[in-house]
Amino acid sequence: MREILVIGGTGAQGLPVIKALSSSGHFSVRVLTRDAKSARAQEVAQLPNVSLVEGRQDNQADLHRAFKGVYGAWVNTDGFTIGEKNELFYGCRAYEIARHHRVQHYVYACADFALKHADWDENYHWGHNDAKGRVAEYILAQGQAGMKSSVLTTGPYMNMLWDGMFVPTQEPDGTFVWANPAKSGKIPLIALEDVGHYSFWLFDNLPESAGLNLKIATDEVSFADIAAAFTEVTGKKGVHRYVPLEEYLPMAEPFPNAPANFYAGPSAVTDESTMTWRENFSAWWKYWGEGRAEHRDFTLLNRIHPNRISSLSDWMRMVNYDGQRRNVLKGVEDLKRAAAVMQQQQAGSSASP
């Protein structure tokens, strides 16, 4: 079987990709992980046709070891950990190192290029998506001679209705409330359960997928639509309550003056290029909440994945969605610990004479 290197495989998006590739009978999977003994790494190591290689996505020597000898690669860099500047650099370097090792098909996991879609309006610039957008354009600009390349563009995960900033709160009268700065824009939510199928299709249909930026979604919905679907499916009252950014951000910020890449904990790189959490998520909410994202081609997606989850309501029924919080995004507990450590360090620095 041809071997695929997966970078970002223990994350929320990477796990279904590994499962789809490893169970296909077409490919084996090599997973780059920072800690081969971690619970998530051990989980994927139990899957058929999967091996682990320990290393970092922001270390060029590790990237050389990881890419050597593989047929293809699926690469999802973690900008919320390594930061916007490093995601741009290592996103490009990973592609270049893959070319050096004669990888034959390179799939880059991307997100909507927000700043470009907003006609370069700086009010819509945030680091993670824009770094990925730049890298994707760089990769596709190299053409298809020598190594084929494809891009898989996703929006917010539908599964973030369990985790992250999309979880509702339940009021004393039983009403579930999504209180946030989103306006009436339609957001291209993708169910993680279908990401693996689209990724496998890219590798298994090279004549069509080479040079393609496949932009996927399950449904395009506003938060009013989310609340209405919740009511329809569960019979429980759901509402969206608009909260202005200036009121929302102080409530949601992990700690005062947090950098956008606080996920990295004490090792987070901070310099002039680093956005604050507030700057990052001000643009994040404006972009998604105003419906700035590019619309998805559902005719194409239906052809590629005829059995895909077709709507938010269908997903809610499939997973028995109940509005309660549960862990989906990688290392939620680690992120909380990282925030606590950075907050303590900042407090200590401000208290020093």
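The coordinates are above.
Let us look at the structure shown here. Computed from a prediction, not measured in an experiment: that's the story for all the values here.

## Brief notes about the environment of Val319
- Positionally, Val319 belongs in helix H14 (residues 312–319).
- Between the C-alpha atom of Val319 and that of Pro256, which follows or precedes it by 63 residues, the distance is 36 Å.
- Non-local contacts of Val319, meaning those with residues more than four positions away in its chain, are made with Trp162 and Glu193.

## Things to note about helix H8 (residues 195–204)
- Most of H8 sits inside the fold, with 8 of its 10 residues counted as buried.
- Buried within H8 we find Val195, Gly196, Tyr198, Ser199, Phe200, Trp201, Leu202 and Phe203.

## Re the state of the cysteines
- Here the structure, examined in full by the defined rule, presents 0 disulfides.
- The structure places no disulfide on Cys92, whose sulfur is separated from the nearest cysteine sulfur, that of Cys110, by 12 Å.
- Since its relative accessible area comes to 5%, Cys110 is described here as buried.

## A few points about the packing of helix H10 (residues 223–234) against H14
- Close contact between H10 and H14 brings their axes to 9 Å; oriented N to C, the two are set at 45°. When the axes of H10 and H14 are compared, the pair comes out oblique. Once H10 is placed against H14, the crossing between them reads as right-handed. When H10 is examined against H14, the residues Asp225, Ile226, Ala229, Phe230, Glu232 and Val233 are found in contact with a partner set consisting of Leu312, Ser313, Met316 and Arg317.
- Residues that form the contact of H10 with H14 fall into these classes: 6 nonpolar, 1 polar and 3 charged.

## Description of the sheet that holds strand E12 (residues 238–242)
- Read across the open sheet, the 3 strands follow the order E7-E8-E12; overall the sheet is mixed. Lying at the two open borders of the sheet, with one neighbouring strand each, are strand E7 (169–170) and E12.
- Pairing geometry for E7 and strand E8 (residues 176–180), over 2 bridges, is antiparallel. Looking across to E8, one finds that Thr169 is bridged to Val177.
- Sheet contacts for H10: E8 and E12; angle to E12, the most-contacted strand, approximately 160°.

So, how was this worked out
Residues numbered from 1 in each chain as written. Predicted model: local features only at pLDDT ≥ 70, side-chain atom pairs only at ≥ 80, totals over all residues. Heavy atoms only, no water. Helix = DSSP H or I, 4+ residues; strand = E, 2+ residues; numbered from the N terminus. Contact = heavy atoms within 4.5 Å. Buried < 20%, exposed > 50% of the residue type's maximum accessible area, 1.4 Å probe, protein only. Disulfide = S-S within 2.5 Å. Axes fitted to C-alpha atoms, helices over the stretch in contact; angles between N-to-C directions. Parallel < 35°, antiparallel > 145°, perpendicular 65-115°, else oblique. Left-handed = near helix turned anticlockwise from the far one by under 90°. Nonpolar A, V, L, I, M, F, W, Y, C, P; charged D, E, K, R; others polar. Pairing = 2+ DSSP bridges.

Worth remembering: the numbers are spatial, not functional.
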